[in-house]
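Here is how the chains run, residue by residue.
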Amino acid sequence: MTALARRRLKPNIPWVIKYRPKRVDEVFNQEDAKKKLIPWIKQWAEGRPPSKRAALLYGPPGVGKTSLVEAIANEYKFELLELNASDYRSYEAIKRTVGVAANKMPLYGNGIIILLDEIDGIAPREDSGGLRALLEIIPETRNPIIMTANDPWKQQLRPLHQVAELIPFKALTINQVVAILQRICDLEGLECEREALRYIAEVERGDVRAAINDLQAVAEGYGRVTLTLVKMLVRGREKKNEIFVTLNQIFYADKAWKARNAINNSQEDYETVIAWLNDNIPRKYEDPEDAFRAYDALARATLMLSRAKFSGNWSLLPYVFILAGPGVALARKNKPISKARYAYPERIKLLARLKEVRETRERLAEKIARRTLASKRLVKAEILPYLFIIFREADDPVPAARLALGYNLDRKEVEFLAGSRARVILEAVERIKKARSREQKTPSRAEAKQAESAGSAPRGEEEGEKKARRKGKKPPSTTLDSFF
Ligand SMILES: Nc1ncnc2c1ncn2[C@@H]1O[C@H](COP(=O)(O)OP(=O)(O)O)[C@@H](O)[C@H]1O
Ligand SMILES: [Mg+2]
């Protein structure tokens, strides 16, 4: 790295953020999309909402969809509410976030652009309730709703075509991507071979985000961007290696650089690669001294990585590659490599499980807190322990099943509360629901009574439903069907 380049490179901020378009004319080569989206947003700004109150921007990743929305909000004086997949998993979640924002009067400017980014990242079954909520909100919204997706023809997104303006985004051509990369090289004062930029653009096939990330990785590792370096270091997304290939390339490397590249070319993030190495070193290295040296290198790699993350000083990243790659590969000196199969890391398994349990517990506490108007903390401390007893210890599953219905619990939440009793309770829920739907068809007193004794919802819930029916609204129980 030349001294000049070292001084100029500030590695701590990702260039895709640093060079994010702030104005509409900084989003390149999406003129057709702008021609559709800008008149649409101007209508909103002038207080005449267009007939389709949502827009669905679609196209491959990294071509400027999110950037254009942000630039438009900025230039046309809209507040921007950005939501992504984790915010809109269910009917309730959407009503709570999108629904509330859709009705809001803005504090300043022309309104709020509600951006639902990457809606095709949502699982179809679990989120059908979410889609239903959107279809209810869009025709009534007072603020523009913009969604982005890679593939709008997916089954679960099709209903949106009726209510949203479809706006396509195209992948950029190689020359266009090269121009964007060249501009960044100039602004960074970076030595970049034209052919190297072309190579990156070709490999990433019009994905500007990926191309900029490649450029930064090479520049920060080496201070200059040449064709030789780029050929060695950059691989397109589709060509990234699975974890087993990465492990093989490290454990069986005969040259240091091969082990180093293995990490770069992995589709997994560095932590995951390190976790896999961690659990597989003792399987592959039978000699204790070999294993010791490998762990020594891996420990240093972990340390570097956490320092890089903590301080934002990403110039430490090359050391992580070298320690976890060649550091582990060259540690084996005494014994040939064992033929043992790779094992799935315990830590990853455990974390995945814990995370799921934690998330379920949080969701459950939130649901109950909303129903009971208690705080989430209180629910966790005072209510959940009783629910555990009712769900796990009671001989009769009906009270638990009624609670499940009353609180609108999904399968995961019931499993969390009931453990091995979950199946019995879920069956009871089904029975109650059947009885209830019979009751709804012929709501005579006698039958209602009978259904109740076979075990139906708590009374409070029933009253609410009758009221809702009288008002001509859908009873809340219809939301249950999507859960069970
Ligand atoms: N058309 C474009 N013009 C300029 N920069 C772009 C363009 N498309 C993408 N980028 C760059 O790539 C990054 C990611 O773009 P983004 O808008 O998030 O892509 P998308 O939402 O289509 O996946 C942006 O920060 C920006 O730096
Ligand atoms: Mg995006």
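## As for the overall build of the protein
Next up, step 1: Within the protein, the regular secondary structure consists of 23 helices and seven strands.
Next up, step 2: Of all 484 residues assigned to the protein, the portion counted as buried reaches 46%.
Next up, step 3: A separation threshold of at least 6 residues defines the contact pool for the protein, and within that pool the share at least 24 residues apart is 76%.
Next up, step 4: If you sum the accessible surface of the protein, you get close to 25,800 Å²; carbon and sulfur atoms cover 54% of it.

## Here's the deal with the confidence of the model for the protein
Next up, step 1: Predicted confidence across the protein gives a mean pLDDT of 82, with 84% of residues reaching 70 or more.
Next up, step 2: When mean pLDDT is compared element by element in the protein, strand β1 (residues 54–58) scores highest at 97, while helix α23 (residues 459–470) scores lowest at 43.
Next up, step 3: Low pLDDT (under 50) marks residues 1–11, which in the prediction has 20 contacts with non-local residues, meaning those over four places away or in another chain.
Next up, step 4: When the criterion is pLDDT under 50, residues 454–484 qualifies, and its contacts beyond four places in sequence or with other chains add up to 54 contacts.

## Let's talk about the side chain of S67
Next up, step 1: Checked against the element boundaries, S67 lands in helix α4 (residues 65–75).
Next up, step 2: Judged by its relative accessible area of 12%, S67 is buried.
Next up, step 3: If we ignore the near neighbours within four places in the chain, the residues touching S67 are R20, P21 and V27.

## Points about the packing of helix α12 (residues 256–264) against helix α15 (residues 317–324)
Next up, step 1: Between α12 and α15, whose axes approach to 8 Å, the crossing angle comes to 120°. It follows that α12 is oblique to α15 by the angle criterion. In the crossing of α12 with α15, the sense of the turn from one axis to the other is right-handed. Facing α12, whose interface residues are R260, I263 and N264, α15 presents P318, F321, I322 and A324.

## Some words on the site of ligand 1
Next up, step 1: If you check the shell around ligand 1, you find 18 residues, and the closest are V16, F28, G62, T66 and S67.
Next up, step 2: Here an oxygen atom of ligand 1 sits 2.7 Å away from a polar atom, N or O, in the main chain of V16.
Next up, step 3: A distance of 2.7 Å is found between an oxygen atom of ligand 1 and a side-chain nitrogen or oxygen belonging to T66.
Next up, step 4: In isolation ligand 1 exposes 560 Å². Once the protein is present, 97% of that is buried.

## Let's talk about the nonpolar core
Next up, step 1: Counting residues in each nonpolar core, the largest one holds 50 residues, and the members touching the most others are L37, I72, L215 and V225.
Next up, step 2: Residue assignment for this core shows that the elements contributing at least two residues are α3 (31–45), β1, α4, β3 (112–117), α7 (174–188), α8 (194–204), α9 (208–222) and α10 (227–233).
Next up, step 3: Taken domain by domain, this core gets at least three of its residues from each of domain 1 (30–168) and domain 2 (173–238).
Next up, step 4: Beyond its immediate chain neighbours, meaning those up to four positions away, L215 contacts W15, L181, I184, C185, C192, L197, I200 and V225.

## As for the packing of aromatic side chains
Next up, step 1: Overall, the coordinates contain nine aromatic pairs when judged by the stated rule.
Next up, step 2: With a centroid separation of 5.5 Å and 80° between ring planes, the pair formed by F251 and Y285 is classed as edge-to-face. Remark: Y285 occurs in the loop between α13 (270–284) and α14 (288–311) and F251 occurs in helix α11 (residues 243–251); sequence separation between them is 34 residues. Each member of the pair F251 and Y285 is classed as buried.
Next up, step 3: Note on F251 and Y342: the rings are 6.0 Å apart at their centroids and 20° apart in plane angle, and the pair reads as stacked. One end of the pair, F251, is in helix α11; the other, Y342, is in the loop between α16 (326–329) and α17 (346–372), with 91 residues separating them in the sequence.

Procedures and definitions
Residues numbered from 1 in each chain as written. Chains lettered and ligands numbered in written order. Predicted model: local features only at pLDDT ≥ 70, side-chain atom pairs only at ≥ 80, totals over all residues. Heavy atoms only, no water. Helix = DSSP H or I, 4+ residues; strand = E, 2+ residues; numbered from the N terminus. Buried < 20%, exposed > 50% of the residue type's maximum accessible area, 1.4 Å probe, protein only. Contact = heavy atoms within 4.5 Å. Areas by Shrake-Rupley, 256 points an atom, 1.4 Å probe, with all protein chains shown as cover. pLDDT = per-residue confidence, 0-100. Axes fitted to C-alpha atoms, helices over the stretch in contact; angles between N-to-C directions. Parallel < 35°, antiparallel > 145°, perpendicular 65-115°, else oblique. Left-handed = near helix turned anticlockwise from the far one by under 90°. Near = heavy atom within 4 Å. Polar contact = N/O pair within 3.5 Å; in protein donor to acceptor, adjacent residues only side chain to side chain. Core = buried A, V, L, I, M, F, W, Y, C linked by side-chain atoms within 4.5 Å. Domains from an automatic or database assignment. Phe/Tyr/Trp six-rings, centres within 6.5 Å; stacked < 30°, edge-to-face > 60°.

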